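Each chain, letter by letter, is given below.
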Amino acid sequence: MAQEAARLLVRFGRRYAAVVRLVTLVPICVIALFRSAPENLAPTVVVVAVAAVWTCGYAWWLDKGRGNVPVLLDVLVLLGLSGCVGWTSAVEDTNTGWLRLLVLFMCVTCQWHTPVLVGAAAALAAGGGMVVAVAAAGADASVIRGLLWAPAAAALSRMVWTLLRRAAHQADLTAAEAARARGQSLLAAAARAEEREFANALHDTAATTLLMVGIGQVRSNAGWLAAQARRDLDRLGSGHSPALPHADVVGLLRADLDAVPLTVEFDAPKELRLPYDVARAIADAVGEVLTNVRRHADTTRATIRLCGDSRALRLDIADQGRGFSPAEVPATRYGLRESVHGRMTRIGGTATITSAPGEGTLVLLEWRAGDG
């Protein structure tokens, strides 16, 4: 999400300000009551109660509300509390410390959820107003100097918060750049996957058909050749992503078997629906295996056994041809590497080839949902 770090930081600032105001409220109120002289306890209790009720309400607004109007009310309430030092005889009782702490925490936490000008104005008004009220009540210079720390603390708090905001903004920029890079990488990977699948389809269809004709494995006037050429062209021009998300792998296999000039014994369920990409990849891998049987095995017969369900399946393709040594197949041979092993790997499946010269060939294709 755009500007996520900055948004979370703003939310954190409001909530943390509320927590600080509430956590410090209890010891502040205790200090006020314990330092008050008995004859001044009643008015002090009233002032402290107002401070407590308002702080709780303000903390609730920090967590739930928006806008800056409550900040103005916060300043006015604190100015009113400061103006009560004469009524509570806080100066005579040296009991202004609790009020100083209340204003200090307001000035500091206000910087975490307000614009710069609003936070500065609030700190100066609350801190300056308290100085004026205490001075008017006859406080000595040392007490007044202690009150001047509130605006200074507010300035330091604002500096730290500004640095955090900049760090959050930089984090958002970095995250956005990483997202763009990931998007570009995904687009590039998709383009490579499309190119690879087109190359696989070209290899499995027109290129293989033309090669068999060119090297004399198939006569140019073979009865099935024209129909196969039409199927090759249709396959290359139709793409690989249908509108429906699932396909019947048994139906795809039967359609491809009709195009292979082999006698195939096919044992499979009546229907087995899988995600289209999985079904198409398995059917294409089987098609490449059967093409290799036709080209290299020196046999016209093959057997296919399919068992499993929509969560897992096993498919065996066997022939009793002349066989070969899988270890001796060059790595540059495209068919087995990409059209069989590559396709099964990309859908989370496996292809295992067992063969030896003179002993036929068994190809085992396995797939399990969730492995891709």
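Above this text you will find the structure in question.
These lines cover the structure that appears in this document, whether it is placed above or below.

Rules used in this analysis
Residues numbered from 1 in each chain as written. Predicted model: local features only at pLDDT ≥ 70, side-chain atom pairs only at ≥ 80, totals over all residues. Heavy atoms only, no water. Pairing = 2+ DSSP bridges. Helix = DSSP H or I, 4+ residues; strand = E, 2+ residues; numbered from the N terminus. Core = buried A, V, L, I, M, F, W, Y, C linked by side-chain atoms within 4.5 Å. Buried < 20%, exposed > 50% of the residue type's maximum accessible area, 1.4 Å probe, protein only. Contact = heavy atoms within 4.5 Å. Axes fitted to C-alpha atoms, helices over the stretch in contact; angles between N-to-C directions. Phe/Tyr/Trp six-rings, centres within 6.5 Å; stacked < 30°, edge-to-face > 60°.

### Some words on the pairing of strand β4 (residues 301–308)
No. 1: Pairing between strand β2 (residues 263–267) and β4: five bridges, direction parallel. Within β4, the residue paired with Glu265 across the bridge is Thr303.
No. 2: Bridge count for β4 against strand β5 (residues 312–319) is six bridges, and the pairing is antiparallel. By the bridge assignment for β5, Gly308 is matched with Leu313.
No. 3: Where β4 folds back onto β5 in an antiparallel hairpin, the turn is made up of three residues.

### Re the nonpolar core
No. 1: Within the largest apolar cluster, 45 residues are counted, with the highest numbers of intra-cluster contacts made by Leu81, Trp98, Leu99, Leu102, Met106 and Cys107.
No. 2: Elements represented by at least two residues in this core include exactly α1 (4–34), α2 (41–64), α3 (69–82), α4 (97–110), α5 (116–136), α6 (141–147) and α7 (149–214).
No. 3: When residues no more than four places from it in sequence are discounted, the contact partners of Met106 are Arg21, Asp74, Val75, Leu78, Ala122 and Ala126.
No. 4: Core analysis: the next-biggest nonpolar cluster, separate from the first, contains 39 residues, Leu257, Val293, Leu336 and Met344 among them.

### So, the sheet that holds strand β6 (residues 350–355)
No. 1: The strand order across the open sheet formed by five strands is β2-β4-β5-β7-β6, and the pairing between neighbours is mixed. Each edge of the open sheet is held by one strand with a lone partner, namely β2 and β6. Direction aside, the axes of adjacent strands within the sheet are offset by 15° on average.
No. 2: Packing against the sheet, helix α9 (residues 249–257) makes contact with β2, β4 and β5, and its axis sits at approximately 170° to β2.
No. 3: Those strands touched by helix α10 (residues 276–296) are β4, β5 and β7 (361–368), and its axis lies near 10° from that of β5.

### What to know about the packing of aromatic side chains
The geometry of an aromatic ring pair is captured by two quantities: the separation of the ring centres and the angle between the planes.
No. 1: Under the defined criterion, the tally for this structure stands at four aromatic pairs.
No. 2: Judged by centre distance (5.5 Å) and plane angle (25°), the rings of Tyr16 and Trp112 are stacked. Of this pair, Tyr16 sits in helix α1 while Trp112 is found in the loop between α4 and α5, placing the two residues 96 residues apart along the sequence.
No. 3: Taking the relative accessible area as the measure of exposure, Tyr16 reaches 41% and is therefore partly exposed.
No. 4: The exposure class of Trp112 is buried, given its relative accessible area of 15%.
No. 5: Relative to Trp61, the ring of Tyr58 has its centre 5.4 Å away and its plane inclined at 35°; by these criteria the two rings are tilted. Highlighted residues: Tyr58 and Trp61, both in helix α2, separated by three residues, approximately one helical turn.
No. 6: Assessed through its relative accessible area of 9%, Trp61 is described here as buried.
No. 7: A network of ring pairs unites the aromatic residues Phe12, Tyr16 and Trp112 as a single cluster.

That's the geometry; what it means functionally is another story.
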